[in-house]
Amino acid sequence: MQDKIHSSYKQLEQKSKYTNLFLRWFLYFVLVVFAFYFIFPLYVMVVTSLKTMEEIRQGTLLTWPSGLNFDSWLVAWGGRGYGAGDTFLKPYFWNSIKMVVPAVFFSTFIGAMAGYVLTKWRFKGDKWVFLFLLFGCFIPYQAILLPMARTLGVLGISNSVIGLVLVHTVYGIPFTTLFFRNFYVSIPSELVKAARIDGAGFFKIFFKILLPVSTPIIVVTIIWQFTQIWNDFLFGSTFSFGEAAPIQVALNNMVLSSTSVKEYNVDMASAIIAGIPTLIVYVLAGKYFIRGLTSGAVKG
Amino acid sequence: MKTLKIEELSKNFGSTEVLRKINLEIDEGNFLVLLGPSGCGKSTLLNIIAGLETINEGNVHIDDYNVSKVEPKDRNIAMVFQSYALYPSMNVRENMIFGLKQAKVSKEKIEEQLEKVSKFLQVDALLERKPSQLSGGQRQRVAIGRALVREPRIFLFDEPLSNLDAKLRVEMRREIKKLHQQLKTTVVYVTHDQTEAMSLGTNIAIMNHGVIQQNDTPENIYNKPSNTFVADFIGSPSMNLIKGNLKESSNKVSFVTHGSNIEIPINGYDFKEKSNLDNKEVFFGIRPEHIFFKKSNEEDFEINLRADLSEYIGHEQIMTFNFENQEVLAKFPSTVKIDLSKNTKLFFDLTQISLFDAKTEERI
Amino acid sequence: MFKWLEKNLPKIVMAPAVGLIGWFVYGFVLWTLYISFTNSKILPKYELWGVGQYIKLWGSRKWLIAVDNLLIFTALFLIFCVVIGIILAIFLDQKIRAEGVLRTIYLYPMALSFIVTGTAWKWILNPTLGIQKMFIDWGFENFTFDWLVNREMAIYTIVIAGVWQSAGFVMALFLAGLRSVEDEIVKAAKIDGANLFTVYWKILLPMMRPVFFTSFVILVHISIKSYDLIVALTQGGPGISTTMPALYMTQTAFHKSQVGLSAASAMMMFMAVAAVIIPYLYSELRRENAR
Ligand SMILES: Nc1ncnc2c1ncn2[C@@H]1O[C@H](COP(=O)(O)OP(=O)(O)OP(=O)(O)O)[C@@H](O)[C@H]1O
Ligand SMILES: [Mg+2]
């Protein structure tokens, strides 16, 4: 039996070489096919936005544009220059910025403090408090839309950027707390104990000891919150429709407005403009983006 | 015919060279231990033998056939891993027969093998359990069982005992030794525990930085280390290496340290080459256990050294002496009383010494 | 006074988070629950009216269509995301040359909003100038692809876009899971003679049970809440053929001004999510405590 094994070694070598080669090719083939599926819409968006309507009607989705024609981008961003009915993204883009920056800041700050207390200043029932906050990650927001609309009305900040800042700050807290808590759990409590023995107080410990080592989780949290708030449509469309609308709402209105002929090139340019900030963040800080995604992905 | 032969084998991961020109041969039924510090390339070498890593240069032969490009499953080997690597979703029975099933062995044969091996390793009562429901020692047995049922030509072990506690480790070590005595299968066994290596191996290959330093019987590794690395690595505490020079006059060789009048005669030493000895810079090597507090042998060399430190370790104590400002350690029974900071009379057993060239660090 | 402040500082700092969540999450959910038992129209009324809204809800054709759509969408969305995610993860796990680039490509849709995604797919799937025209121009004269405007098929376009957006994420979860498996297990399986298929099918995938569970929870959660994508892609149409519960809820509340009815539908969604999430949280917590 031993001899039989030996005489077949040569064949085995050959066989394993060929099956491996075949497998590799198959693998790359499938991966590349899927890569095309995923890249296809982005490609179509970009080339369409660079075409004229004439080119769009003549060519297909895949045809290359005749040149770098950024007209539709300009229209999408700044409009055509006539008054009524001329919707364009520029003001809404700024609305979104004005909404995102404070909302990200406040929710990150509150989450950091909460995470700090929940891990380093444990008190009785802190586990339940965490669970209490955590559940906020999961609720379907439809269950709070009605009272929220009324509350914003009573506070006099419905249909305003401030209102949206409040909404996004509040519903960001469960996620930011989750991020910071999970991060601070892994930082040895001895550090904090040592500082307490040295007489450092609550805030001093936070700012001098924890904050300096928190850069990665701050980055993760900011990226997560930025992406979520920038991409939000539900809150934006429910609580803010006119002047104060954020960019996603404006994009949707622009695409839906059935004024004259559908201008797909302008639609695509608008979609790219609305998507570009988060795409840039993804490309530049993909690692942090994915970390946030896998730990906070519970949000839809 | 050698069961396993490795020729001029080199391996690198990217730009880091992990194995360099390894040559190894193992006879049928031998138990080869690969011993070396962490990161020296032991696991890599074992993986290459198993076919789990590719080779950059050189060849691996099993029974004189070049298997360098043969798949692991066709090499007729079995391997036991440090983490046991049991399949967590399968129970013990499924774990043990998985390999046979893949090889399409008949049902009756599988059952027969399973029964034989599980009885032999006393895991027959655990067959329906999942690995997570087993103790460390039981997992280890199952892992060995999984290797045994395949009746391989060569057993490969990668630090199989290092996840066990000290007591269990000694037990399992004995069982592996018994196993080998009964089955007489060729074994390659990786460890960084020298006691394990000494007690199990019929041969030990000491590795450092991807190079085999010495491949020899345990006795020779201990008594005749081929360089200072091996001398230092084996033994606990390790061999004293005293720096000094050789002196040769009228065919008598002796060892002196710089600026001292102590002269140790080198009489019965088996030099590899007996020329150019005069004035050669050397390390004089003597193991702590070959330094005595009373004369036991006519040839013993008597010397007076100051005791600086005593470490009590139960049945023994380790004493540190000052030899011309170099530390010399000795191991005595803990019943012996030696005063610190005083000169003590000691006896070196000169039949057990080693000499190394101070430049090349090789044995001379 | 100062002592008391110092002692309770942590709790004081904790208070805003707890207060905000208590009010805006728990308080609001309870309010919605209460309203769902009233006969509120444009403005909330506070006298109880019993379960009338729920009876009305389950008698409404539109809601039944929405639930139906949700079931179809969830099933297909789950299956495709998980299958594609696993295939990509396994294939990427084979020491692929351009792994980083491919991973980036598979995952980038996750960075886009559903509105952007929906806008793009709406253009691609539109029957006049989109994919259909592409195939016809390539010579497939009779090729039709009008799912977007077809009552029967429109829901599947939402599946296509949804899978496109989320499959990469499942891939990332599984890739992380596979990477955390000890090498030695794979090595042992190779020595045991398992081929690549067997290694994954019999050994690694059974080890991924927690990852399956997580993906399941997250995907179901996404699908119950899906709103933006439908708004951007079909607005629930043609007709009401692609309505889903989230869309039904906002439409009933803000266009039809049936606040009570819409609160009832919101509570149904809430319960569906709770049915998935509570067991999940429970098992996660048990795992954390076991460690
Ligand atoms: N896949 C790999 N890629 C790059 N370097 C590697 C890889 N595997 C091992 N190495 C490096 O090769 C060297 C040898 O590793 P190896 O695992 O063989 O060491 P070892 O002797 O088994 O150590 P230990 O006793 O700690 O198990 C180490 O420096 C290690 O960092
Ligand atoms: Mg190793």
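Everything numeric here is computed off the predicted structure, so don't read it as measured data. (Residues numbered from 1 in each chain as written. Chains lettered and ligands numbered in written order. Predicted model: local features only at pLDDT ≥ 70, side-chain atom pairs only at ≥ 80, totals over all residues. Heavy atoms only, no water.)

Structural notes on helix H13 (residues 247-256) of chain A
Alright, step 1. Of all ten residues in H13(A), eight are buried, a share of seventy percent or more.
Alright, step 2. The complete set of buried residues in H13(A) reads Ile247(A), Gln248(A), Val249(A), Ala250(A), Leu251(A), Asn252(A), Met254(A) and Val255(A). (Buried < 20%, exposed > 50% of the residue type's maximum accessible area, 1.4 Å probe, protein only. Helix = DSSP H or I, 4+ residues; strand = E, 2+ residues; numbered from the N terminus.)

Digging into the nonpolar core
Alright, step 1. Residues Tyr171(A), Leu45(B), Val188(B) and Tyr106(C) are the most contacted members of the largest nonpolar core, which totals 242 residues.
Alright, step 2. Contacts of Val188(B), omitting those with residues within four sequence positions, involve Leu4(B), Ile26(B), Leu32(B), Leu34(B), Leu46(B), Ile49(B), Ile154(B), Phe155(B), Leu156(B) and Phe157(B).
Alright, step 3. Counting residues in hydrophobic clusters, the runner-up holds 42 residues, among them Val33(B), Ala78(B), Leu86(B) and Ile97(B). (Core = buried A, V, L, I, M, F, W, Y, C linked by side-chain atoms within 4.5 Å. Contact = heavy atoms within 4.5 Å.)

Details of the site of ligand 1
All names here are of chain B.
Alright, step 1. Residues in close proximity to ligand 1 include Phe13, Val18, Ser38, Gly39, Cys40, Gly41, Lys42, Ser43, Thr44, Glu159 and His192, which together make up its full environment.
Alright, step 2. Between ligand 1 and Cys40 there is a distance of 3.2 Å, counted from an oxygen atom to a backbone nitrogen or oxygen.
Alright, step 3. Within the side chain of Lys42, one N or O atom sits 2.8 Å away from an oxygen atom of ligand 1.
Alright, step 4. Contact with the protein chains removes 56% of the 640 Å² of surface that ligand 1 exposes when unbound.
Alright, step 5. Per-element tally for the shell around ligand 1: the top contributor is helix H1 (residues 42-50), with three residues.
Alright, step 6. When grouped by side-chain class, the residues that make up the shell around ligand 1 number three nonpolar, six polar and two charged. (Near = heavy atom within 4 Å. Polar contact = N/O pair within 3.5 Å; in protein donor to acceptor, adjacent residues only side chain to side chain. Areas by Shrake-Rupley, 256 points an atom, 1.4 Å probe, with all protein chains shown as cover. Nonpolar A, V, L, I, M, F, W, Y, C, P; charged D, E, K, R; others polar.)

A word on the interface of chain C and chain B
Alright, step 1. Taken residue by residue, the interface counts 16 residues in chain C and 23 residues in chain B.
Alright, step 2. Regarding the contact of chain C and chain B, the summed buried area is about 1,700 Å², with carbon and sulfur atoms giving 64% of it.
Alright, step 3. Among the residues chain C hides against chain B, the three largest losses belong to Glu184(C), Ile191(C) and Asp192(C). Together they make up 43% of the total.
Alright, step 4. Inspection of the region where chain C meets chain B yields zero salt bridges.
Alright, step 5. One can count six residue pairs in polar contact (both at pLDDT 80 or more) joining chain C with chain B.
Alright, step 6. Every element with two or more residues in the side of chain C that touches chain B is listed here: helix H8 (183-191) and helix H9 (196-207) of chain C.
Alright, step 7. Counting residues per element, the side of chain C that touches chain B draws most heavily on H8(C), at seven residues.
Alright, step 8. Tallied by class, the residues present in the side of chain C that touches chain B amount to eight nonpolar, two polar and six charged. (Buried area = accessible area lost by both parts, 1.4 Å probe. Salt bridge = Lys/Arg side-chain N within 4 Å of Asp/Glu carboxyl O.)

Structural notes on the packing of aromatic side chains
The geometry of an aromatic ring pair comes down to the distance between the two centres and the angle between the two planes.
Alright, step 1. Counted by the stated rule, this structure contains 54 aromatic pairs over all chains.
Alright, step 2. A centroid spacing of 6.1 Å and a plane angle of 65° characterise the contact between Phe26(A) and Phe91(C), whose relative ring orientation is edge-to-face. With one member in each of two chains, Phe26(A) in helix H2 (residues 9-50) and Phe91(C) in helix H3 (residues 61-92) form a pair that bridges those chains.
Alright, step 3. Residue Phe91(C) is classed as buried on the basis of its relative accessible area, which comes to 15%. (Phe/Tyr/Trp six-rings, centres within 6.5 Å; stacked < 30°, edge-to-face > 60°.)

A closer look at the domain arrangement of chain B
All names here are of chain B.
Alright, step 1. Domain boundaries assigned for chain B yield domain 1 (4-226) and domain 2 (240-357).
Alright, step 2. Using only C-alpha atoms to locate each centre, domain 1 and domain 2 end up separated by 40 Å.
Alright, step 3. Facing five residues of domain 1, the contacting portion of domain 2 comprises six residues.
Alright, step 4. Our count for the domain 1 to domain 2 interface comes out at two residue pairs in polar contact (both at pLDDT 80 or more).
Alright, step 5. Here the side of domain 1 that touches domain 2 is composed, by residue class, of three nonpolar, two polar and no charged. (Domains from an automatic or database assignment.)

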